[in-house]
Amino acid sequence: MRFQLMTLWVMGFPGESRILLSFDGKRVSASRGDTVASALMKSGFYTFSRSLKYHRRRGYKCGRGYCRACLVEVNGIPNVPACITRVEEGMRVRSQNALPSAEFDLLSVLDKFPGLVSYKGLYEGLPGKWFVWPLSWRLIEKLVGLGRFPQEHGDYGKGERVEAEVLVVGGGLSGLAAASLLAEEGLNVTLVDSMETLGGYARLDPLEDAGLHERHEYESPQEAARELSRRARSAGVKILTSTDAYGLYPSKNLVGAYVRESYRSGRHLAVKFKYLILATGAYEEPGLFENNDLPGIMYDYGFRRLIVDHDFKISGRVAVVGRGWRASRLAAFLEAAGVEIVGPYGDLSSKDSERIIAAYGRKKVSGVIVDAGNRRRIGVEYIAVAKGFYPALELAAQAGVRLRFDARIGAHVPEHDGKLRVLNNVWVAGSLAGYLSYADRLASGLLAAYYVLVAEGRREYAEKAAALASSLRAGVLMSG
Amino acid sequence: MGKVIVCFCEDVTLEEVRRAVKEGYRDLEHLKRLLGIGTGPCQGKQCLVTVAKILAEEAGFDPSEIRLPTFRPPARPVPLGVLAHAELEEE
Amino acid sequence: MQSSRRSDYIIVGGGVVGLSIAYHLARLGASVIVVERRYVGSGSSTRNAANARAHFFNREASLLAWESLKRMYRLGRVLGYNTLFVRRGYLWLFYREEHLEGMRSYMKTWRELGIPEGRILDVDELARRYPFLNLKGIVGGYLADTNGRYHHDAVVRAYWKNCIKLGVQVLEYVEAEKITVKSGRAVGVETPVGLLEADKAIILAAGPWTRILAKTAGVDLPIEPIRKEAMVTEPLKITIRPLVINTKVNAYAQQTLRGEVLLSSATPLDVPTWSYQHTYQFPLRAAKAMVETIPALAAVNWLRQWAGHYATTPDHNPVLGYVDEVEGLAVASGFSGHGFMLAPAVGEYMALLLEKGYLHPVMAPFSPGRFREGRLIKEDLVIG
Ligand SMILES: Cc1cc2nc3c(=O)[nH]c(=O)nc-3n(C[C@H](O)[C@H](O)[C@H](O)COP(=O)(O)OP(=O)(O)OC[C@H]3O[C@@H](n4cnc5c(N)ncnc54)[C@H](O)[C@@H]3O)c2cc1C
Ligand code: FES
């Protein structure tokens with residue numbers, strides 16, 4: 001008790017109640033808005049767990065639940081993504097796959113002898129003789145797996161069925177634009193998003209955007225996200241946040257979803273739809289350089305989220321990786337926030353004259369090696385990676401939608417009929433459909449909504465759709 | 001020299017992918033089954049595109065010729081307890 | 001492709017069975033071409049649950065399976081490639097006294113056949129050994145720890161690599177379209193890359209598609225493509241070592257060699273279809289069944305589901321050997337869900353039959369002619 005009071009006194013801000021949790025037995029103090037990930041990092045814990053084979057350090061990267069680099073054990077439940085799990089009083093957080101702890105893991109020797117656990121080693125049998133294989137199995141069986149078997153069973157509620165005239169998956173600019181328009185036009189719209197707050201990537205980008213301003217009259221992506229969220233709410237869109245649409249079953253007109261209530265509870269949702277708009281956005285392209293997995297290396301979204309949502313203080317320098325407009329915007333954002341940056345640089349995947357070829361650091365990244373004809377070491381505290389965008393096409397692809405390689409973005413996109421339709425009653429929009437700029441992403445959401453209205457018999461939208469489609473085509477060329 | 005990781009879940013390095021392609025594994029499906037790429041907790045969200053690029057580069061394919069492995073549910077992990085309490089559709 | 005269009009044998013199907021036959025034929029000195037419609041292993045051989053057992057509920061299958069299991073034990077050593085076999089055991093859980101009784105009496109048969117026995121575990125022992133089980137309604141279990149699991153991709157690759165070493169041509173993305181029959185004899189396989197000719201025989205090891213190909217030669221085989229699904233979770237430290245089978249609902253779960261929990265369950269959706277399409281209900285049903293059996297699974301995250309085929313025959317046993325209707329045409333299919341574990345023995349026996357003309361007695365009962373002749377293999381004990 002006394003210790004607790006002391007901690008409060010030392011760490012607490014006046015008027016704000018602190019939440020106490022533990023990480024591998026050490027005390028961590030957090031504020032209400034923290035996730036397990038932000039709380040750990042604020043207390044200086046960057047290594048959450050160790051990786052599967054080589055026991056390398058793993059921690060926060062994407063900041064939105066998909067990269068799974070931040071998995072930890074919470075109160076006996078394994079493989080909990082720390083970045084989308086809110087702190088709760090008394091939480092016991094444990095690192096995974098580490099002996100004895102994430103910070104000091106004896107098994108990290110495996111990283112020094114990769115032959116032992118690499119695919120060559122496993123199949124072709126290092127140390128090479130068949131008679132040691134059963135032996136190596138005993139060992140391998142001890143090593144495999146990330147988390148421990150659950151010590152607790154969780155508490156999962158009864159599933160539900162929901163009917164929606166329109167289901168929109170994804171609450172970024174395109175999904176929000178589509179949902180709010182359709183609801184304003186009187187349709188019964190449900191929108192699901194896997195994050196706690198709507199607005200997608202745009203929500204974390206407060207700088208001016210000329211295209212958005214010209215074509216949609218919003219100053220910034222952040223403002224557009226805020227305004228569209230407000231519109232969606234007031235138009236009566238049923239909004240389900242912290243909800244992962246996990247499967248699309250087109251023959252049943254059904255999307256299966258998981259409503260996350262906490263790290264140990266939640267329920268199933270079966271959403272029957274008449275029309276479906278997929279606006280699932282995109283994943284980020286990882287940086288390619290030596291030690292590109294050190295803690296402190298994060299994706300654009302994850303890095304922004306720490307600053308915007310968690311009031312994370314960046315004290316040192318940040319290296320930005322990526323050569324496109326996203327990297328420039330991130331650099332500008334960081335500078336505006338008073339953070340000193342170096343870069344943007346290319347990496348091993350680019351032919352740039354200035355490339356990051358390696359990161360270094362012991363417990364977390366502490367510098368980068370930049371190759372610009374000669375090699376230079378630059379001390380940095382974080383690396384923020386803002387390279388390409390890969391469409392989050394799982395739902396479409398599962399449902400059998402054909403994929404097309406899009407050379408512009410260097411990845412596959414769902415193939416649509418020229419009118420964003422990918423299946424009889426399913427449309428795609430936003431970066432999932434390959435649109436890059438904010439203005440295009442937003443417009444493509446509107447366009448998908450127009451097509452749904454046309455399908456619903458609202459002829460007047462056919463003309464509007466044609467006009468918007470042609471301006472969008474021009475827009476794609478501009479941003480591509 | 002430090003490792004360049006391409007699949008963060010399964011700890012697969014750039015070097016390993018290159019070597020496997022050189023050994024004749026010219027199909028993402030085979031690379032996946034040999035190296036484990038795309039089979040970990042993120043289910044390929046970070047590695048598939050990178051590996052496809054490396055494959056195209058090393059084997060001299062056009063990226064558009066590369067066949068992606070089959071996509072299957074779930075798009076995001078779901079606890080079995082959630083599924084166990086779901087309403088079953090009538091058959 | 002400037003490879004030969006002619007060889008002693010043409011095998012249709014680059015699954016584990018086709019590759020095992022090819023390997024054994026090549027070992028006997030024959031020249032072999034394998035044609036595979038997609039990539040090697042793309043059929044059920046990379047979609048299975050990767051378990052091998054000797055304990056079947058009829059003599060014929062038990063004997064064949066035991067011969068195969070013994071070969072599975074040393075397969076890695078023979079092929080010079082670690083197939084990652086571990087004796088994890090099978091654990092059948094019984095919910096009805098008569099099933100437990102049936103099992104007890106069937107153990108005698110296995111003993112007679114020389115198959116290592118498992119043991120009956122009472123509820124107390126189950127509780128002690130497997131604290132993760134929900135024992136409600138369970139009257140006992142049967143643990144057979146000679147059985148085990150392999151890594152299916154490693155086994156397929158081990159055969160494939162050895163085939164290549166022995167000069168077998170394995171053609172991927174080449175589909176056999178039709179069997180060419182000349183005066184009652186199968187002489188070639190038509191493919192988009194041209195006619196492939198076989199001097200000695202053509203072997204159909206094309207899983208459920210075997211039926212379609214046989215039909216092009218005028219042979220009717222009762223093999224149905226029953227869709228079967230499975231799913232895995234995120235990897236965990238290994239706790240569920242044996243294959244845990246819930247005989248009440250016919251579902252099972254086990255941790256794979258990588259620590260993922262693999263689940264499957266019989267569902268009303270196990271219907272004949274060519275489609276590999278996954279279904280919405282499968283994961284819900286399998287999760288329901290196995291969370292009830294192993295409650296802690298509730299907190300484990302599901303990662304992937306997929307579908308494959310059981311190439312199923314009327315008596316749920318394979319079809320192995322020459323067909324009667326056409327000369328020079330053999331089949332190895334209809335495994336009804338157990339073909340992977342049988343591949344080591346089947347490959348060897350098929351090669352003996354083809355190249356040496358020797359019909360191994362263990363394989364003899366599985367002749368394709370048995371359906372016409374009404375000599376179906378009977379299941380002695382039905383559980384579940
Ligand atoms: C969910 C599930 C779980 C299972 N669990 C187990 C288990 O635990 N243990 C076990 O032993 N078995 C199990 N099985 C069964 C096992 O997978 C099969 O019996 C086994 O893989 C059969 O091997 P195969 O080579 O005969 O067929 P396949 O692997 O299906 O190979 C047939 C091949 O033929 C090819 N082909 C088809 N038509 C043509 C054509 N016209 N031209 C060229 N190629 C063609 C296909 O592409 C395919 O690759 C399971 C199956 C499933 C679906
Ligand atoms: S899943 Fe948490 S950081 Fe990516």
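Source: prediction; values computed, not measured.

The rules behind these values
Residues numbered from 1 in each chain as written. Chains lettered and ligands numbered in written order. Predicted model: local features only at pLDDT ≥ 70, side-chain atom pairs only at ≥ 80, totals over all residues. Heavy atoms only, no water. Domains from an automatic or database assignment. Contact = heavy atoms within 4.5 Å. Buried area = accessible area lost by both parts, 1.4 Å probe. Polar contact = N/O pair within 3.5 Å; in protein donor to acceptor, adjacent residues only side chain to side chain. Nonpolar A, V, L, I, M, F, W, Y, C, P; charged D, E, K, R; others polar. Phe/Tyr/Trp six-rings, centres within 6.5 Å; stacked < 30°, edge-to-face > 60°. Helix = DSSP H or I, 4+ residues; strand = E, 2+ residues; numbered from the N terminus. Buried < 20%, exposed > 50% of the residue type's maximum accessible area, 1.4 Å probe, protein only. Lys NZ or Arg CZ within 6 Å of the ring centre and 35° of its normal. pLDDT = per-residue confidence, 0-100. Near = heavy atom within 4 Å.

Residues and elements named next belong to chain C. Under the domain assignment used here, chain C contains domain 1 (4–47 + 153–222 + 314–373) and domain 2 (88–146 + 224–312). Taking the mean C-alpha position of each, domain 1 and domain 2 sit 30 Å from one another. With 19 residues of domain 1 at the contact, the number on the domain 2 side is twelve residues. Between domain 1 and domain 2 the total buried area reaches about 1200 Å² when both faces are included, carbon and sulfur atoms providing 59% of it. One can count five residue pairs in polar contact (both at pLDDT 80 or more) joining domain 1 with domain 2. Of the residues contributing to the side of domain 1 that touches domain 2, the split by class is seven nonpolar, nine polar and three charged.

Next up on the list: the packing of aromatic side chains. In the structure shown here, the tally under the stated rule is 28 aromatic pairs over all chains. Ring plane angle 25° and centroid distance 6.4 Å describe the contact between tyrosine 201 of chain A and tyrosine 438 of chain A, whose orientation is recorded as stacked. Note that tyrosine 201 of chain A is positioned in the loop between strand 10 (189–192) and helix 6 (210–216) and tyrosine 438 of chain A in helix 11 (residues 438–455), a separation of 237 residues in sequence. Judged by its relative accessible area of 10%, tyrosine 201 of chain A falls in the buried class. By relative accessible area, tyrosine 438 of chain A is classed as buried at 1%. Taking the centre distance of 5.8 Å and the plane angle of 75° together, the rings of tryptophan 325 of chain A and tyrosine 438 of chain A count as edge-to-face. Placement of tryptophan 325 of chain A in helix 9 (residues 325–336) and of tyrosine 438 of chain A in helix 11 is noted, with a sequence separation of 113 residues between them. A residue is classified by how much of its surface remains accessible, and tryptophan 325 of chain A, at 32% relative accessible area, is partly exposed. The structure contains a cluster of three or more aromatic residues connected by ring pairs, namely Phe57, Tyr90, Trp92, Tyr106, Trp110 and Tyr142 of chain C. For lysine 61 of chain A, the ring lying beneath its charged end belongs to phenylalanine 8 of chain B, and the centroid distance is 3.3 Å. A cation sits over an aromatic face here: lysine 364 of chain A above tyrosine 382 of chain A, 4.6 Å from the ring centre.

Of the residues in chain A, 92% reach a pLDDT of 70 or more, and the chain-wide mean stands at 91. Taken as a whole, residues 1–15 of chain A scores under 50 in pLDDT and shows ten contacts with residues more than four places along the chain or in a different chain.

Residues and elements named next belong to chain C. Taken together, 38 residues lie near ligand 1, and Glu36, Ser45, Asn51, Gly339 and Met341 sit nearest. Within the contact set of ligand 1, an oxygen atom lies 2.5 Å away from a side-chain nitrogen or oxygen of serine 45. Listing elements by their share of the shell around ligand 1, those giving two or more residues are helix 1 (16–27), strand 16 (301–312) and helix 8 (339–356). The residue inventory of the shell around ligand 1, partitioned by class, reads 18 nonpolar, 15 polar and five charged. Each of domain 1 (4–47 + 153–222 + 314–373) and domain 2 (88–146 + 224–312) accounts for three or more of the residues forming the shell around ligand 1.

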